[in-house]
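# A closer look at the structure
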Amino acid sequence: MASVRLPAVAVLAAVALLTGCSGGSDESKDSGKIAGAEESEKKPSPTASSGPGSDDRPKIKVPGDLSYAFDWQKTGDKDKDAVLADTEQMIKAVDMAIARQDPTHAAYRFYTEGPAAAGSEQFIQSFVDNKIRITGTKRFYNAKAQVKKDKTASLVYCEDQRKAYNKSLKTGKTSVTKPSKNDFVIYASRLRANDQGVWVNEELTSQRGSAECQA
């Protein structure tokens with residue numbers, strides 16, 4: 001099965017969601033039925049939910065075999081905590097679009113704009129082209145947020161992809177890979193608070209094999 005990989009350094013809105021898959025054996029995770037995006041409706045993850053705040057925010061649901069560990073604590077600062085919360089929702093929204101094989105899904109567009117929205121669409125399309133989605137567990141940690149008076153913010157954080165894999169939507173098989181240093185990715189994002197009070201991701205850069213994220 002073809003694997004979706006990032007270059008060592010990328011400027012994509014959704015790179016934080018890429019699984020660390022680059023080969024390895026395929027292991028079936030179901031009883032032979034085709035694993036499709038409809039799983040996102042039938043079997044939502046316990047961690048999937050609507051975003052904080054307004055009821056106008058999109059409802060986020062991901063497949064039940066995909067889970068998250070956001071190991072970053074609330075800072076006590078209202079704006080910084082909102083940046084972290086909206087980043088969580090953006091990550092899940094892109095995963096939902098991948099599961100539904102919809103590169104223009106409205107949910108991730110709610111949390112992205114400009115280069116970030118364009119990069120997210122490109123990233124999701126790569127999964128659609130390969131007819132795969134993400135399964136397993138993704139861990140995010142070491143988050144450091146800074147908020148300016150003009151309602152812009154920067155966020156740096158790490159991802160551990162050792163337990164996240166690509167799953168074929170044709171066969172239902174998961175590509176299980178050996179852990180490597182490339183499973184550790186560091187991200188730097190730029191956000192701003194829009195008129196609705198949502199912290200929108202405008203840009204995101206990433207680098208695989210981050211020594212800082214392995215420390």
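Residues numbered from 1 in each chain as written. Predicted model: local features only at pLDDT ≥ 70, side-chain atom pairs only at ≥ 80, totals over all residues. Heavy atoms only, no water.

## Section: the overall build of the chain
Helix and strand counts for the chain stand at five helices and nine strands. Every one of the 215 residues in the chain was classed for burial, and the buried ones make up 49%. Across the chain, the fraction of contacts at a sequence separation of at least 24, relative to all contacts at a separation of at least 6, is 69%. Put simply, the chain shows about 10000 Å² of open surface, and 49% of that area lies on carbon and sulfur atoms. (Helix = DSSP H or I, 4+ residues; strand = E, 2+ residues; numbered from the N terminus. Buried < 20%, exposed > 50% of the residue type's maximum accessible area, 1.4 Å probe, protein only. Contact = heavy atoms within 4.5 Å. Areas by Shrake-Rupley, 256 points an atom, 1.4 Å probe, with all protein chains shown as cover.)

## As for the side chain of Ser210
Looking at the element boundaries, Ser210 is found in the loop between β9 (199-208) and α5 (211-214). Within the local environment of Ser210, its side chain forms a polar contact with the backbone nitrogen of Glu212, the two atoms lying 3.3 Å apart. A polar contact of 3.2 Å, which involves the side chain of Ser210, links it to the backbone nitrogen of Cys213. Discounting chain neighbours no more than four positions away, the residues touching Ser210 are Phe184 and Ile186. (Polar contact = N/O pair within 3.5 Å; in protein donor to acceptor, adjacent residues only side chain to side chain.)

## Describing the pattern of salt bridges
Evaluated as defined, the whole model comprises 13 salt bridges. In this structure, Lys151 and Asp79 form a salt bridge, with 3.1 Å as the shortest nitrogen-oxygen distance. Here Asp79 lies in helix α2 (residues 78-99) and Lys151 lies in the loop between β4 (132-147) and β5 (152-160), a separation of 72 residues in the sequence. Residue Asp79 is classed as partly exposed on the basis of its relative accessible area of 23%. With a shortest N-O distance of 3.2 Å, Glu202 and Arg192 are connected by a salt bridge. Here Arg192 lies in strand β8 (residues 184-193) and Glu202 lies in strand β9, a separation of 10 residues in the sequence. Among the charged side chains, a salt-bridge network with shared partners connects Glu113, Arg190, Arg192, Glu202 and Glu203. (Salt bridge = Lys/Arg side-chain N within 4 Å of Asp/Glu carboxyl O.)

## Regarding the state of the cysteines
Across all of its chains, the model carries one disulfide by this definition. The residue that forms a disulfide with Cys158 is Cys213, at a sulfur-sulfur distance of 2.0 Å. Taking the torsion about the sulfur-sulfur bond, which here is approximately -85°, the covalent link between Cys158 and Cys213 counts as left-handed. Remark: Cys213 occurs in helix α5 and Cys158 occurs in strand β5; sequence separation between them is 55 residues. Among the residues examined, Cys158 registers a relative accessible area of 2% and is labelled buried. (Disulfide = S-S within 2.5 Å.)

## Some remarks on α2
The first and last C-alpha atoms of α2 sit 32 Å apart over 22 residues, in line with the 32 Å expected at 1.5 Å per residue. A side-chain oxygen of the first residue of α2 lies 3.1 Å from the backbone nitrogen of Asp79; this N-cap is Asp77. A positive phi of about 55° marks Gln101, the residue just after α2. (Expected span 1.5 Å × (residues − 1).)

## As for the environment of Phe70
Summarising the element assignment, Phe70 is placed in strand β3 (residues 66-71). Residue classification places Phe70 among the buried positions, given a relative accessible area of 17%. Ignoring anything within four residues of it in the chain, the contact list for Phe70 reads Glu88, Ile91, Lys92 and Phe140.

## Regarding the packing of aromatic side chains
Applying the stated criterion to the full structure yields nine aromatic pairs. Here Trp72 and Phe140 contribute two aromatic rings whose centre-to-centre distance is 6.4 Å and whose plane-to-plane angle is 45°, an arrangement assigned as tilted. Of this pair, Trp72 sits in the loop between β3 and α2 while Phe140 sits in strand β4, and the two are 68 residues apart along the sequence. Residue class for Phe140 comes out buried when judged on its relative accessible area of 0%. (Phe/Tyr/Trp six-rings, centres within 6.5 Å; stacked < 30°, edge-to-face > 60°.)

## Section: the confidence of the model for the chain
When the pLDDT values of the chain are averaged, the result is 80; 74% of them are 70 or greater. Per-residue pLDDT stays below 50 along residues 1-53; that stretch engages in 177 contacts with residues further than four places along the chain or on separate chains. (pLDDT = per-residue confidence, 0-100.)

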